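One-letter residues, chain by chain:
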Amino acid sequence: MKFAVLVYEGPYNHEASDSAYNFIKAALKKGHEIRGIFFYHDGVYNVTKLMEPPQDDRHIANRWSELGALGIDIVACIAAAKRRGIVDDVLVPNVRISGLGQLTMMAIEADRMVTFGD
Amino acid sequence: MLHTVNKSPFQNGTLASCLRFMNSGDVLLLLEDGVLAAAAGTRCSAMIEQLLQSNPEVYALTADLDARGLKRVIPGVKQIDYEGFVDLVAQHSMHAWL
Amino acid sequence: MAEVKKIMFTVRKAPHGSIYVYEGLEVKLIMAAYDADISVVFMDDGVFALQKGQNTKALGIKGFEATYGALVDYEISKIYVDRESLLSRGMTEADLLVIGEDEESEEPLHPQVVDADFIANLMAQQHNILCF
């Protein structure tokens, strides 16, 4: 089955991005396809390489980047990103900034859209 | 349908709203702070206990229960891992009550 | 031709205290331009987003009453309000924004106030539901 995942909250502050990540890992393990991951609202902070968590903590941006390296389309919303100072220069690899049209296509094309937020 | 709730019922009305919109046959998954609703013997336990009478499929995410040290879970609430969560989403269309 | 997918938005949060309602509206306007069968349901504190007479001037933040007041122009006309959420917040239909006007009669169009059963059944028919 084709899933799309939508994340609304920033990293560390809220459990949403951890729940989303754990859900996606489990979905991949079960052989499902991830049509895309879309970051909206403060969720766009998930993909900045400027984050530097303590070494004994998870690196949330790198985790997303690793999923991107598998070929999963990972998109931060351009309108939400610009508002919050997230631009191409600060992105981790394998992630892109694009418009809400991408979210629309995910909502239409994916069999299920799963949203994680506050 | 699958409904997911991620808020504590002690300080937020989301679970109460969700229950109002659930049809018979609908499934509930509690995750994140939502698992606090699955704790037995609390002032909010009756919400889930009552739901179980009409909708027997009520789940709580084990990882979130464990993280919060919740051992006494309302009888009838099924504990599942993330793969179980994935299965539920594959089986049902869903609404996340954010 | 592929069947047109039903996409529902649920609005459950109050406006202005956080950005969810505002940015959620941006999503609706974009999605309306695509081939999807869109409906919007206001429930819980989301009903405050449709309150008439919002004025955000003193806050210094952008309001959206004008945009919500023209949803029909964006071809979003399936707009529903949960009756119990409305009544329990001391509001009536008369407190709600107009969402546009009828093309022919030019009569103002209002969101449709409906019961929980109606919304639950509508939810069950959707391809995907986005909560903003």
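Basis of the calculations
Residues numbered from 1 in each chain as written. Chains lettered and ligands numbered in written order. Predicted model: local features only at pLDDT ≥ 70, side-chain atom pairs only at ≥ 80, totals over all residues. Heavy atoms only, no water. Helix = DSSP H or I, 4+ residues; strand = E, 2+ residues; numbered from the N terminus. Rg over C-alpha atoms; globule rule 2.2 N^0.38 Å. Buried < 20%, exposed > 50% of the residue type's maximum accessible area, 1.4 Å probe, protein only. Contact = heavy atoms within 4.5 Å. Areas by Shrake-Rupley, 256 points an atom, 1.4 Å probe, with all protein chains shown as cover. Lys, Arg positive; Asp, Glu negative; His and termini not counted. Charge placed at Lys NZ, Arg CZ, Asp CG, Glu CD. Core = buried A, V, L, I, M, F, W, Y, C linked by side-chain atoms within 4.5 Å. Patch = residues over 30% accessible without salt bridge, like charges linked within 9 Å, V, L, I, M, F, W, Y side chains within 5 Å. Salt bridge = Lys/Arg side-chain N within 4 Å of Asp/Glu carboxyl O.

Scanning chain B from terminus to terminus reveals four helices and five strands. Secondary structure elements of chain B occur, N-terminal to C-terminal, as β-α-β-α-β-α-β-α-β. In terms of overall size, chain B behaves like a compact globule, its C-alpha atoms giving a radius of gyration of 12 Å where 98 residues would be expected to give roughly 13 Å. With the C-alpha coordinates of chain B rotated into their principal frame, the extents come out at 30 × 25 × 25 Å. In chain B, which comprises 98 residues, the share counted as buried stands at 58%. The contacts in chain B between residues at least 6 apart in sequence include a share of 70% that link residues at least 24 apart. About 3,800 Å² of surface is accessible on chain B, with carbon and sulfur atoms providing 48% of the total. Of the charged side chains in chain B, 7 are positive and 10 negative, and the gap between their average positions amounts to 11 Å.

As a further point, take the nonpolar core. Counting 94 residues, the largest nonpolar core has Tyr40 and Trp64 of chain A, Phe85 of chain B together with Phe42 and Tyr68 of chain C as the members making the most contacts within it. The dominant element in this core, judged by the number of residues it contributes, is helix H1 (residues 16-29) of chain A, at seven residues. Those residues in contact with Tyr68 of chain C, other than ones at most four positions away along the chain, are Val11, Val21, Leu25, Lys28, Phe42, Ala49, Leu50, Leu97, Val98 and Ile99 of chain C. With 32 residues, the next largest nonpolar core counts Met1, Val35 and Val58 of chain B together with Met8 of chain C among its residues.

This paragraph deals with unusual backbone geometry. The phi dihedral of Tyr12 of chain A falls on the positive side, at around 70°, and the residue is not glycine. Counting through the fold element by element, Tyr12 of chain A comes out in the loop between strand E1 (2-7) and H1. The class of Tyr12 of chain A is partly exposed, set by a relative accessible area of 31%. A positive phi angle is found at Glu75 of chain C, which is not glycine, with a value near 65°.

It is worth spelling out the environment of Val87 of chain A at this point. All names here are of chain A. For Val87, the location among the structural elements is in the loop between helix H3 (78-83) and strand E4 (96-98). Among the residues examined, Val87 registers a relative accessible area of 40% and is labelled partly exposed. A C-alpha to C-alpha distance of 14 Å links Val87 and Asp42, two positions 45 residues apart in sequence.

Further remarks concern a negative patch on the surface. All names here are of chain C. Among the surface-exposed residues, Asp73, Glu75, Glu101, Glu103, Glu104 and Glu106 lie close enough to one another that they form a single negatively charged patch. Take Asp73: it is sitting in the loop between helix H2 (65-68) and strand E3 (78-82). Note on Asp73: relative accessible area 61%, which makes it exposed.

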